[in-house]
Amino acid sequence: MKKNLFHSVVLAALLFAGAGQAQAQKGYEVPPISDEHAALAAQVVELQLSDPDEANKIFTKLFRKVRNNKEALLSVGQYFLDNNVYPCANQCSKQLYTIAADYLPGLMFSGEVCMFRKDYGMAGQKFEEALAIDSTYVPALRRNAFVYKNVNPHVAIEYLEKIRRIDAGNHSIDRELGDVYYNLDEFDKAVGSYGTYFKAVQQNDSTDIRAAENYLQSLYATQKFTEVADLVERFAPLDPADMVFKRMRLFSAVENYEFAKAKEAMGYITNQEYPDSFYLYLDYAYAGNLMKELDDIPAAIGYFEKAVKTDSTKISGLKELANLYSSNKETEKSIKTYEHYLSAKGEDKVDLTDLYGLARLYLSASQKEGLTPEEKAALTAKGDAVCVKMIEKKPDAYQAVLLRAAMHITDGTKPEETPKQYYAEALKMMEGKEGVDSAKLQALRYLAFYAVQKDELDDARNYTNQIIAIEPDNAFAKQIDSYLKSQNK
């Protein structure tokens, strides 16, 4: 035995502090340690840091007593592993493998020693050696599944499925399968595995908290909001302070339109129960959507401002915030935020719908009361430029022409030439298209109004008949129809 073995213990104690005790995972039988061996091992543990040389002497004495006995080597080695004395555990592991390379518990112990030092490749090799001796040895299958869980999840699934075939009643395997599928973002499969586990295991404890969180989030990802709402009440008592449970209660309540329940559930946000860094974009986005549903637009704005500040990559939040500013008559903020959204999305990804949204904001801004003619003209020009971009992307974009028409109305009580021209152009672009009746009515209404005001009665009759053909009970068309009939008497 090398004298300096325990001079490495001080360093090892620092390196492996908090590495986790192996006995919680071993799953293999370890013979009880004898009183004599336990007494010597306890002295080694006690002296390893304060007197390494003395600890080394005692370990040498102990090792000589057990080095040719595989059961004694395993019990002593496990004692040291359980007490985080890695050098001694490793020495026992090497000797155990030397004298009994086919001893299944010994191979498992050697694998656990490798796991302790985070040498997962060597650990997997030891577990594979155990499986070469007995391919149905569940402890080795389980530990290999653990080894591969984050390295090669699909291999981990194969091991877990094999365990399930061997031990069909072991529902913890379903929970582990759920973990793997969740980490792979295969949420449908995660739901299936977790569902099987939690249906079979109704009495849950703190060891189930992480699986319960993942199960709820998998259900949420697959849009099973009613099930989320039901199960969160079952799981929440496992840890009343768990943020995921509170989050899922809010999200599911909003999705299920249970707004009173949602308002109560968002207490973890309104009461600032956690540090700022714990909150996600979605926490604030759901709070904002709830406030929007409750018609509290200023509060909705506040939450979406927090949402986009929390995660600027969620650009859909910028779009929603821009629309909320518009609803709150904050036109400058609305347009600036929407343009930020388009910039973040990237010019090559901006589509017709995006440009339409910006053009509508310019239209809304240009119709704001109290604008000077110069201000209105400036907003109209900017909005018109957006419409031109829409037409460049899609030459038959009648929606853009309708917006141009609306933007150029300076006095809605008088017939104006520019809006009339754009509405006529849009109407022509809609010829032969399906599903455009609402848009056609918008154009026809103005064209009929213009024709009546200009005393162009034939055109007025033509446009009015087209309106009635689309919407027989249209009050505006009926009014013009009566007027035109009175002119023919």
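Residues numbered from 1 in each chain as written. Predicted model: local features only at pLDDT ≥ 70, side-chain atom pairs only at ≥ 80, totals over all residues. Heavy atoms only, no water.

1. Quick look at the state of the cysteines
(1) Moving on: The final tally for this structure, using the stated rule, is zero disulfides.
(2) Moving on: With no disulfide partner, C88 has as its closest neighbouring cysteine sulfur the one in C92, 6.9 Å distant.
(3) Moving on: Among the residues examined, C88 registers a relative accessible area of 0% and is labelled buried.
(4) Moving on: C92 supplies the cysteine sulfur nearest to C114, a cysteine that is in no disulfide, at a spacing of 14 Å. (Disulfide = S-S within 2.5 Å. Buried < 20%, exposed > 50% of the residue type's maximum accessible area, 1.4 Å probe, protein only.)

2. Re the side chain of E176
(1) Moving on: Topologically, E176 is positioned in helix α10 (residues 172–183).
(2) Moving on: Residues within four places of E176 in sequence aside, it is in contact with R142, K149 and L160. (Helix = DSSP H or I, 4+ residues; strand = E, 2+ residues; numbered from the N terminus. Contact = heavy atoms within 4.5 Å.)

3. What to know about a negative patch on the surface
(1) Moving on: Side chains of E417, D455, E456, D458 and D459 sit close together on the surface and give a patch of like negative charge.
(2) Moving on: Along the polypeptide, E456 turns up in the loop between α25 (437–453) and α26 (457–470).
(3) Moving on: Take E456: its relative accessible area is 32%, and that puts it in the partly exposed class. (Patch = residues over 30% accessible without salt bridge, like charges linked within 9 Å, V, L, I, M, F, W, Y side chains within 5 Å. Areas by Shrake-Rupley, 256 points an atom, 1.4 Å probe, with all protein chains shown as cover. Salt bridge = Lys/Arg side-chain N within 4 Å of Asp/Glu carboxyl O. Lys, Arg positive; Asp, Glu negative; His and termini not counted. Charge placed at Lys NZ, Arg CZ, Asp CG, Glu CD.)

4. With respect to helix α12 (residues 209–221)
(1) Moving on: Taking 1.5 Å of rise per residue, 13 residues should cover 18 Å, and α12 covers 18 Å from first to last C-alpha, within 8% of that figure.
(2) Moving on: Turning to α12, its buried residues are I209, A211, A212, E213, N214, Y215, L216, S218 and L219.
(3) Moving on: Check the buried side of α12 and you find it contacts α10, α11 (187–200), α13 (225–235) and α14 (243–255).
(4) Moving on: Following α12 by one or two positions, Q223 has its phi on the positive side, about 60°. (Expected span 1.5 Å × (residues − 1).)

5. Details of the environment of S34
(1) Moving on: Mapped onto the secondary structure, S34 falls in the loop between α1 (9–15) and α2 (35–47).
(2) Moving on: Between the C-alpha atom of S34 and that of V76, which follows or precedes it by 42 residues, the distance is 8.8 Å.
(3) Moving on: Of the polar contacts made by the side chain of S34, one reaches the side chain of H37; its length is 3.1 Å. (Polar contact = N/O pair within 3.5 Å; in protein donor to acceptor, adjacent residues only side chain to side chain.)

6. Quick notes on helix α23 (residues 398–407)
Because each turn of an α-helix spans 3.6 residues, side chains separated by three or four positions in sequence point in the same direction.
(1) Moving on: Along α23, nine of the 10 residues are buried, which leaves the element largely enclosed by surrounding structure.
(2) Moving on: Where α23 is concerned, the buried positions are Y398, A400, V401, L402, L403, R404, A405, A406 and M407.
(3) Moving on: Looking at the buried residues of α23, the elements they touch are α21 (352–366), α22 (373–393), α24 (417–429) and α25.

7. Describing the packing of helix α7 (residues 120–133) against helix α8 (residues 138–149)
(1) Moving on: At a closest axis distance of 9 Å, the pairing of α7 and α8 adopts a crossing angle of 155°. Here α8 runs roughly antiparallel to α7, going by the angle between their axes. The two elements α7 and α8 cross, and the hand of that crossing is left-handed. Contacts between α7 and α8 involve Y120, G124, F127, E128, A130 and L131 from the first element and A140, L141, R143, N144, V147 and Y148 from the second.
(2) Moving on: Among the residues making up the contact of α7 with α8, the classes are represented as eight nonpolar, two polar and two charged. (Axes fitted to C-alpha atoms, helices over the stretch in contact; angles between N-to-C directions. Parallel < 35°, antiparallel > 145°, perpendicular 65-115°, else oblique. Left-handed = near helix turned anticlockwise from the far one by under 90°. Nonpolar A, V, L, I, M, F, W, Y, C, P; charged D, E, K, R; others polar.)

8. Remarks on the packing of aromatic side chains
(1) Moving on: Scanning all chains against the criterion turns up 23 aromatic pairs.
(2) Moving on: Consider the rings of Y148 and Y159, whose centres lie 5.9 Å apart with planes at 20°: the pair is stacked. Within this pair, whereas Y148 is found in helix α8, its partner Y159 is found in helix α9 (residues 153–166), the two being separated by 11 residues in sequence.
(3) Moving on: Taken together, the aromatic side chains of Y194, Y197, F198, Y215 and F235 make up a single cluster linked through ring pairs.
(4) Moving on: The ring of Y103 carries K70 above its face, with NZ or CZ at 4.5 Å from the centroid. (Phe/Tyr/Trp six-rings, centres within 6.5 Å; stacked < 30°, edge-to-face > 60°. Lys NZ or Arg CZ within 6 Å of the ring centre and 35° of its normal.)

9. Side note on the side chain of S172
(1) Moving on: With respect to the secondary-structure elements, S172 resides in helix α10.
(2) Moving on: Excluding residues that lie within four positions of it along the chain, S172 makes contacts with R142 and Y197.

10. Remarks on the pattern of salt bridges
(1) Moving on: As enumerated under the stated definition, the model contains 27 salt bridges in all.
(2) Moving on: The partner of E176 in a salt bridge is R142, and the shortest N-O contact between them spans 2.1 Å. Taken together, the residues E176 in helix α10 and R142 in helix α8 connect sequence positions 34 residues apart.
(3) Moving on: Among the residues examined, E176 registers a relative accessible area of 16% and is labelled buried.
(4) Moving on: With its nearest N and O atoms 3.8 Å apart, the salt bridge here joins K319 to D354. Of this pair, K319 sits in helix α19 (residues 315–327) while D354 is found in helix α21, placing the two residues 35 residues apart along the sequence.
(5) Moving on: A relative accessible area of 24% means that K319 is categorised as partly exposed.
(6) Moving on: Several salt bridges share partner residues, and in doing so they unite K319, K345, D351 and D354 into one network.

11. Quick word on the packing of α12 against α13
(1) Moving on: In the contact formed by α12 and α13, the axes pass within 8 Å of each other and the chain directions differ by 165°. Relative to α13, the element α12 lies roughly antiparallel. Here α12 runs over α13; the crossing is left-handed. On α13, the residues that touch A212, Y215, L216, L219 and Y220 of α12 are F225, E227, V228, L231, V232 and F235.

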